[in-house]
Structure formats: structure tokens, C-alpha cells
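# Remarks on the overall topology
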Amino acid sequence: MPQQPATRVTAIDHVGIAVPDLDEAIEFYRSAFGLEVTAEEVNEEQGVREAMLRVPGDDGTGTAIQLLAPLSPDSTIGKFIARNGPGMQQLAYRVADIDEASDGARANGLNVVFDSPRHGTQNSRTNFIHPKSAGGVLVELVEPASER
């Protein structure tokens, strides 16, 4: 019998990309790939100005590109860009229940970053699995607002 997964993923939610300038990055993704901005906001708690981009006609259920620009150099994204330069910062998996997903990950020995979920894009709830527990990739777990 196969081992039960630590976390039940329902979809790849988005790929997070750290960028130094959100407006320039939006224009690049529009002109180079035809993506459309479906949400843009400032998340003070995480120290970012962000935008979600999708392919034209996506009803919000497909995978998005999340552009993340730092509000300050000492924010998590600011430090990431200083250390690594712009680029892919995280891979986000959609889950139905963030609390259950976080507990399952912990129970299976994964290093979950926050004790309790945080506020994410478009009123989602999020938590992260440290790259040392996930093959070198920062994994975000996302429970969309519509799942609650």
C-alpha cells in the first residue's frame, strides 16, 4: 500500500517570481507572453507589492504567475533579490485546508515555516515549507479564499 502524502494538493496554484520593479515586470509579461493582470495588491505583512497574471480567458482555476516586488530592501523578497537576483522564488500548491496541509507536512517531518497560516494574495491563507525540506524549492501552500 502506498504511503499517504503529507499534504493533499489540488492544483499548482502559481509560480512566484521576485522582481525589482513590478510595473516593468508586468509590462514584460504582457508583451512577451500575452498574460493579463487579474489581481494587484500590497501585502504589508509580507513586505511586497504583487500581481497575479494569467493567460487570457482563465477563470481563475488555472496556474498563475505571481510577480513579487519588495516594499523595502530588508523584506524577504528584497533580501532574496539581493542574494540571488530576480527570478523564481517559490512554487505554490493549492490545498483545500491550509491547517490540515500544514499539520500533515509537520507530521511527516517537513519544516513548515510559520506556526499558523498567514494572509496571502486575494485573502487566501498561506504557509511555506522550507527549501531544506523540499528538495531546495521554497514551497507555498495556498488555501484560496473561495475554499473557505
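Above this text sits the structure in question.
Source: prediction; values computed, not measured. (Residues numbered from 1 in each chain as written. Predicted model: local features only at pLDDT ≥ 70, side-chain atom pairs only at ≥ 80, totals over all residues. Heavy atoms only, no water.)

The next thing to look at is the packing of aromatic side chains. Tallied over the entire structure, the rule returns four aromatic pairs. Taking 5.2 Å as the distance between ring centres and 90° as the angle between the ring planes, the aromatic pair formed by Phe-28 and Tyr-29 counts as edge-to-face. Here Phe-114 and Phe-128 contribute two aromatic rings whose centre-to-centre distance is 6.1 Å and whose plane-to-plane angle is 75°, an arrangement assigned as edge-to-face. Within this pair, whereas Phe-114 is found in the loop between helix H3 (98-107) and strand S6 (118-119), its partner Phe-128 is found in strand S7 (residues 125-129), the two being separated by 14 residues in sequence. Pairwise contacts between aromatic rings join Phe-28, Tyr-29 and Phe-33 into one cluster. Here the basic side chain of Arg-118 rests over the ring of Phe-114, its NZ or CZ set 3.7 Å away from the ring centre. (Phe/Tyr/Trp six-rings, centres within 6.5 Å; stacked < 30°, edge-to-face > 60°. Helix = DSSP H or I, 4+ residues; strand = E, 2+ residues; numbered from the N terminus. Lys NZ or Arg CZ within 6 Å of the ring centre and 35° of its normal.)

The next point concerns the environment of Ala-96. Turning to its location among the elements, Ala-96 is positioned in the loop between strand S5 (87-94) and H3. Note on Ala-96: relative accessible area 42%, which makes it partly exposed. Considering only alpha carbons, one finds Ala-96 and Gly-60, 36 residues apart in sequence, at a separation of 15 Å. (Buried < 20%, exposed > 50% of the residue type's maximum accessible area, 1.4 Å probe, protein only.)

Another point: the pairing of strand S1 (residues 11-18). Along S1, seven of the eight residues are buried, which leaves the element largely enclosed by surrounding structure. Both S1 and S5 contribute to a ladder of seven bridges, which runs antiparallel. Within S5, the position partnered with His-14 by the bridge is Ala-92. In terms of strand pairing, S1 meets strand S4 (residues 64-70) through five bridges, oriented parallel. Bridged to Gly-16 within S4 is Gln-66. (Pairing = 2+ DSSP bridges.)

A word on the sheet that holds S6. Working definition: the strands of a sheet are paired by backbone hydrogen bonds and lie parallel or antiparallel to each other. The eight strands are arranged S2-S3-S4-S1-S5-S8-S7-S6 in an open sheet whose pairing can be described as mixed. Edge positions in the sheet fall to strand S2 (36-43) and S6, since each has one partner strand and no second.

Time to look at the pairing of strand S8 (residues 139-143). Extensive coverage of S8 is indicated by the burial of five of its five residues. Alternating positions in S8 separate into two faces, Val-139, Leu-141 and Glu-143 on one and Glu-140 and Val-142 on the other, with burial throughout. One ladder, built from five bridges, connects S7 with S8; its direction is antiparallel. Residue pairing across strands places Thr-126 opposite Val-142, the latter belonging to S8.

Any link to function would need more than the numbers given here.
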